[in-house]
Each structure stands twice: as C-alpha cells, then as structure tokens.
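The primary structure of each chain is shown beneath.
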Amino acid sequence: DSEDETPDKKLKIVVMGDAASGKTSLCTRYSQEQFNKQYGQTVGLDFYLKRITLPGNVNVTLQVWDVGGQTLGGKMLDNYIYGSQAIMLVYDITNYSSFENLEDWFQAIRKVCPDPRSPHMALVGNKLDLEHMRTVKQEKHQRFAQEHGMSSHFVSAKSGDSVNLTFQKVAAEILGIK
Ligand code: GDP
C-alpha cells in the first residue's frame, strides 16, 4: 500500500570513543540481525545499515559508523562526523581513562559541530557485564551526561544487554519520538 512507498528516514549515527572501549563489538553485536556491513565508497570508510521501526510505525534506516582505530586528532574524524544526526560516545565502565578522555572527544566534536542541538549526543557506558569491576561511578556518568546535554545509556556488547534498546532510543531521540 501507499504507506510502504514512503521513503525511510535515514539517520547517520557515529560511534566514537577510546580504543578498546568496545565500539566495534557494539556495532557487531547490533549487526547480528539483518545487519549488512557496507563499504562507504565516498570516503573509504565502513558503516552498517539497519532498518528499524519506531513507535508510531516510523521506519528508519540507521547508518551506523564505527570510527574503528581512529584516534583523537585523527584527520578522518571530520569525515565521520560530517552529516551525522547522532554521536555515541562509548567508554568502558572498568577503564577510568576511557571515561576521562570523553571530555576531549566531546570538545573535538564541538569544534566540528558547534551547534549544541545537533548532532544529538549519547553517552554509552559499555561492558556492563563487568559491573563488579566498575571504576566509573554511575553518578559520574550521569553528571557528565547532564553537563554535556547528552542522553545516558549502559550496554554490554558482550551479552547484548540493552544494545538494541540503546540504538532504538537514540534514533527516537533524534526524531523527537517519545
Ligand atoms: P574498540 O577498539 O572500541 O572497537 O573495541 P573492541 O570492540 O575491539 O573491544 C575491545 C575489547 O573489549 C575486546 O577484547 C572485546 O572483546 C572487549 N569487549 C567489548 N565489549 C565488551 C563488553 O561489553 N564486555 C566485555 N567483557 N568485553 C567487551
């Protein structure tokens, strides 16, 4: 029917953060269902595509970009950020420096995107399965999110806990869907 002909909204989400925080694991985990790895021909970067349905029967195609081994100050970062609707800043809840360094990641993004409303920013504490080894207190996480105008999420890329939910929430946040 005609509803099916409405083109999907396309949302670009970029996953950033320190090496070993679990960015690739997160993307791979999310990719397990109907998730195709694609080759970004324009800039030679990898991204994943996933079609999801949000409340209100809104179909969206998520383009999830994994910055991979890119480090802060890397020349390609601008290319990743370009045109994104959301950025997920991922850290490892057992690795304090991966959390501390998010301030620098945040500032690097702000340099490229000075508008605080766009892209939407999401704070993602990963490795929730290692909660017993947590070194970043939840209050610290919440305060960082609040002070930087970010939404707040915890996941385990290993167990899959909250992974789908987090991408779903971030997509809904971009579109202002409750
Ligand atoms: P990236 O460098 O940020 O892309 O991180 P990777 O996805 O390569 O993960 C770094 C290491 O952390 C690997 O050894 C992963 O197996 C491990 N890892 C990633 N996510 C999790 C998680 O949720 N729980 C646990 N226990 N290990 C994880």
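Residues numbered from 1 in each chain as written. Predicted model: local features only at pLDDT ≥ 70, side-chain atom pairs only at ≥ 80, totals over all residues. Heavy atoms only, no water.

Draft legend 1. Local environment of the overall build of the chain. From N to C terminus, the chain includes seven helices and seven strands. Looking at the chain as a whole, 44% of its 178 residues are labelled buried. (Helix = DSSP H or I, 4+ residues; strand = E, 2+ residues; numbered from the N terminus. Buried < 20%, exposed > 50% of the residue type's maximum accessible area, 1.4 Å probe, protein only.)

Draft legend 2. Spatial organisation of the site of the ligand. Close to the ligand lie 15 residues, the nearest being Ala20, Lys23, Thr24, Ser25 and Asp129. Contact distances for the ligand include 2.9 Å between an oxygen atom and a side-chain N or O atom of Lys127. Here an oxygen atom of the ligand sits 3.4 Å away from a polar atom, N or O, in the side chain of Ser156. When the free accessible area of the ligand is taken as 580 Å², the share hidden by the protein chains comes to 69%. It is helix α2 (residues 23–30) that provides the largest number of residues to the shell around the ligand, a total of three residues. Looking at side-chain class alone, the shell around the ligand contains four nonpolar, six polar and five charged residues. (Near = heavy atom within 4 Å. Polar contact = N/O pair within 3.5 Å; in protein donor to acceptor, adjacent residues only side chain to side chain. Areas by Shrake-Rupley, 256 points an atom, 1.4 Å probe, with all protein chains shown as cover. Nonpolar A, V, L, I, M, F, W, Y, C, P; charged D, E, K, R; others polar.)

Draft legend 3. Summary view of the pattern of salt bridges. Enumeration according to the criterion identifies four salt bridges in this entry. The salt bridge partner of Asp8 is Arg51, with a shortest N-O separation of 2.6 Å. In this pair, Asp8 is assigned in the loop between α1 (2–5) and β1 (9–16) and Arg51 in strand β3 (residues 45–54), connecting sequence segments 43 residues apart. Between Lys127 and Asp92 there is a salt bridge; the shortest N-O distance is 3.2 Å. You can see Lys127 sitting in the loop between β6 (120–126) and α6 (138–147) and its partner Asp92 sitting in strand β5 (residues 86–92), a full 35 residues away along the chain. (Salt bridge = Lys/Arg side-chain N within 4 Å of Asp/Glu carboxyl O.)

Draft legend 4. Broad picture of helix α7 (residues 163–175). Taking 1.5 Å of rise per residue, 13 residues should cover 18 Å, and α7 covers 19 Å from first to last C-alpha, within 8% of that figure. Gly176, located one to two residues past α7, shows a positive phi value of around 70°. (Expected span 1.5 Å × (residues − 1).)

Draft legend 5. Local environment of the pairing of β6. With seven of seven residues buried, β6 lies mostly within the body of the structure. The side-chain alternation of β6 yields two buried faces, one formed by His120, Ala122, Val124 and Asn126 and the other by Met121, Leu123 and Gly125. Note: β5 against β6, seven bridges, orientation parallel. Each bridged residue has a counterpart across the sheet, and for Met88 the counterpart in β6 is Ala122. Summarising the sheet, β6 and strand β7 (residues 151–154) pair through four bridges and their orientation is parallel. (Pairing = 2+ DSSP bridges.)

Draft legend 6. Local environment of the confidence of the model for the chain. Across the chain, the average pLDDT comes to 88, with 89% of residues at or above 70. Between residues 33–44, whose pLDDT stays under 50, and residues either more than four places distant or in other chains, the model counts 29 contacts. In the predicted assembly, ipTM is 0.99 and pTM is 0.92. (pLDDT = per-residue confidence, 0-100. Contact = heavy atoms within 4.5 Å.)

Draft legend 7. A look at the side chain of His141. When you line up the elements, His141 lands in helix α6. The residues contacting His141, other than those within four sequence positions of it, are Tyr91, Phe99, Leu123, Gly125, Ser152, His153 and Phe154.

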